[in-house]
Each structure stands twice: as structure tokens, then as C-alpha cells.
Amino acid sequence: MLYDQDAINNAIRSGDENAFLEQMYPLVEKVFHEIRWSRRTRVFRDEIKQECILEALLLFRRIDLDPDRNCVAYLWTCLRNKAFALLERVGSDCGVFSGELPPELEYHPDNV
């Protein structure tokens, strides 16, 4: 499922928290698709995903998001930064990498 930028903006305009959260799940999935997950980081993925959804909800409730500006880019950046911060907090056991992963650490869904 793809997120819908118009639906996000409409949810912000109307204050519809449920509609906003429905769109945050596919947005978080899109953000997570851009992150390089190793086998060691994959175990933290669902937990970090839930933390990112909560972060989006906090942004919705506490920050005056302007739907006439690029809210999706702002949310994208916040969620990506939150995911990286949580990965760093997990520590060296999760193996955060910048750039290409060593081939033996690449995560492939069919190899799980």
C-alpha cells in the first residue's frame, strides 16, 4: 500500500488522527525500505517501526503541521532520523552501516 500525500494533508487539515495514522504505516514502510537493514538490525525493525509510528502521532498532536507546505517531506525526514537514532541506541550489536553492506550481512526477505 502506498501512502497518499493528499490523504495525509486532508487528515492534518481536518484533525483526523485515525486517517493520519492509516497513512503513516505506508509512509514508514517507504522510509524503512530506504534504510539498509542487516541481519542483525532486522530483529529490531518491528520495534523501531512502532516507535516511528508513535513519533508521527506525537508530531501530529504537538506540532502545527502546515498541509499547504510539504508535510510529507518533513514527516519523512523526522521518521528517518528517528529510525536511525533508535538503531544507534540499540548499540554496536545491531551493526549500523553507512553505504553498502558487506554481502554476508545483506538482508534478503527470501533468506529469512
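Nothing here was measured: the structure is a model prediction, and the numbers come from that model. (Residues numbered from 1 in each chain as written. Predicted model: local features only at pLDDT ≥ 70, side-chain atom pairs only at ≥ 80, totals over all residues. Heavy atoms only, no water.)

## Here we look at the pattern of salt bridges
Scanning the entire structure with this criterion turns up five salt bridges. Among the salt bridges present, the one from Glu29 reaches Arg45, with a minimum N-O distance of 3.7 Å. On the criterion of sequence distance, the pair formed by Glu29 in helix H2 (residues 17-33) and Arg45 in helix H4 (residues 45-62) is long-range, its members being 16 residues apart. A relative accessible area of 34% means that Glu29 is categorised as partly exposed. Within this structure, Glu29, Arg45 and Lys49 form a network of salt bridges that share partners. (Salt bridge = Lys/Arg side-chain N within 4 Å of Asp/Glu carboxyl O. Helix = DSSP H or I, 4+ residues; strand = E, 2+ residues; numbered from the N terminus. Buried < 20%, exposed > 50% of the residue type's maximum accessible area, 1.4 Å probe, protein only.)

## Overview of the packing of H4 against helix H5 (residues 71-90)
Relative placement of two packed helices is described by the angle separating their axes and the distance separating the axes. With their axes 9 Å apart at the nearest point, H4 and H5 run at an angle of 140° to one another. Overall, the two elements H4 and H5 adopt an arrangement that is oblique. Pair H4 / H5 crosses with right-handed handedness. Counting all contacts with H4, which are made through Ile48, Glu51, Cys52, Glu55, Ala56 and Leu59, the residues of H5 involved are Tyr74, Leu75, Cys78, Leu79, Lys82, Ala83, Leu86 and Leu87. (Axes fitted to C-alpha atoms, helices over the stretch in contact; angles between N-to-C directions. Parallel < 35°, antiparallel > 145°, perpendicular 65-115°, else oblique. Left-handed = near helix turned anticlockwise from the far one by under 90°. Contact = heavy atoms within 4.5 Å.)

Structural measurements only, silent on function.
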